[in-house]
Amino acid sequence: MSGWDDYIKLLFGKSPAIKRAAIIGLDGSVWARSGDSNAFSASEQELKKFAALFNDINSVPGTGADLENIHYIVPRVEEKLIFGKKEQTGFFASKTNQAIVIAIYEGDNAQSASVRAGVEYIAQYLLGAGY
């Protein structure tokens, strides 16, 4: 197991609503992803396109975002955060200087607060470590 996998485990511990997660580079390359029954299955091409969304983050609410062959509406973005939603699922993605932390969750809006907090916690830790 690589050290990056430990961050995925830590992220899962932040919210029981998190079902799949990944840490990717700004080029879309996978640094770590959840596996087994919680496998994060976004393709390389999909992740490259997703990572590029942060280059023009303010346009994302108009186009939405795709992960794991699911199109999400994006009701909200912040400077380094994208929130996507589709029915009872959604995702949060937070950008650091070199990486993007992604968590896909299932549950109602009340669940999303703990998912966001977990994603931002990992992102802040990575920023503090120079990533």
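Definitions and cut-offs
Residues numbered from 1 in each chain as written. Predicted model: local features only at pLDDT ≥ 70, side-chain atom pairs only at ≥ 80, totals over all residues. Heavy atoms only, no water. UniProt positions renumbered as here; feature names shortened; annotations may be inferred. Pairing = 2+ DSSP bridges. Helix = DSSP H or I, 4+ residues; strand = E, 2+ residues; numbered from the N terminus. Axes fitted to C-alpha atoms, helices over the stretch in contact; angles between N-to-C directions. Contact = heavy atoms within 4.5 Å.

An unreviewed UniProt entry lists the protein chain under the name Profilin, with Caenorhabditis remanei given as the organism. Annotation of the protein chain in UniProt includes, under Subunit (unreviewed entry), the sentence "Occurs in many kinds of cells as a complex with monomeric actin in a 1:1 ratio." Quoted verbatim from the Sequence similarities (unreviewed entry) field of UniProt, the annotation for the protein chain is "Belongs to the profilin family."

Caption draft 1: Inspection of the sheet that holds strand S6 (residues 89-95) at higher detail. Ordered in space as S2-S1-S7-S6-S5-S4-S3, the seven strands form an open sheet in which the pairing is antiparallel. Two strands lie at the open edges of the sheet, namely strand S2 (30-33) and strand S3 (65-67), each paired on one side alone. The mean inter-strand angle of the sheet, taken between neighbouring strand axes irrespective of direction, is 25 degrees. Sheet topology places strand S4 (residues 70-78) next to strand S5 (residues 81-86); four bridges connect them, and they run antiparallel. What sits directly across from Arg76, in S5, is Phe83. On the sheet, helix H2 (residues 44-52) packs against strand S1 (18-25), S2, S3, S6 and strand S7 (99-106) and is oriented at approximately 145 degrees with respect to S3. On the sheet, helix H4 (residues 109-128) packs against S1, S4, S5, S6 and S7 and is oriented at approximately 160 degrees with respect to S7.

Caption draft 2: Representation of the environment of Gln111. Assignment of secondary structure puts Gln111 in helix H4. Not counting residues within four places of it along the chain, the set of residues in contact with Gln111 comprises Ser15, Ala17 and Glu106.

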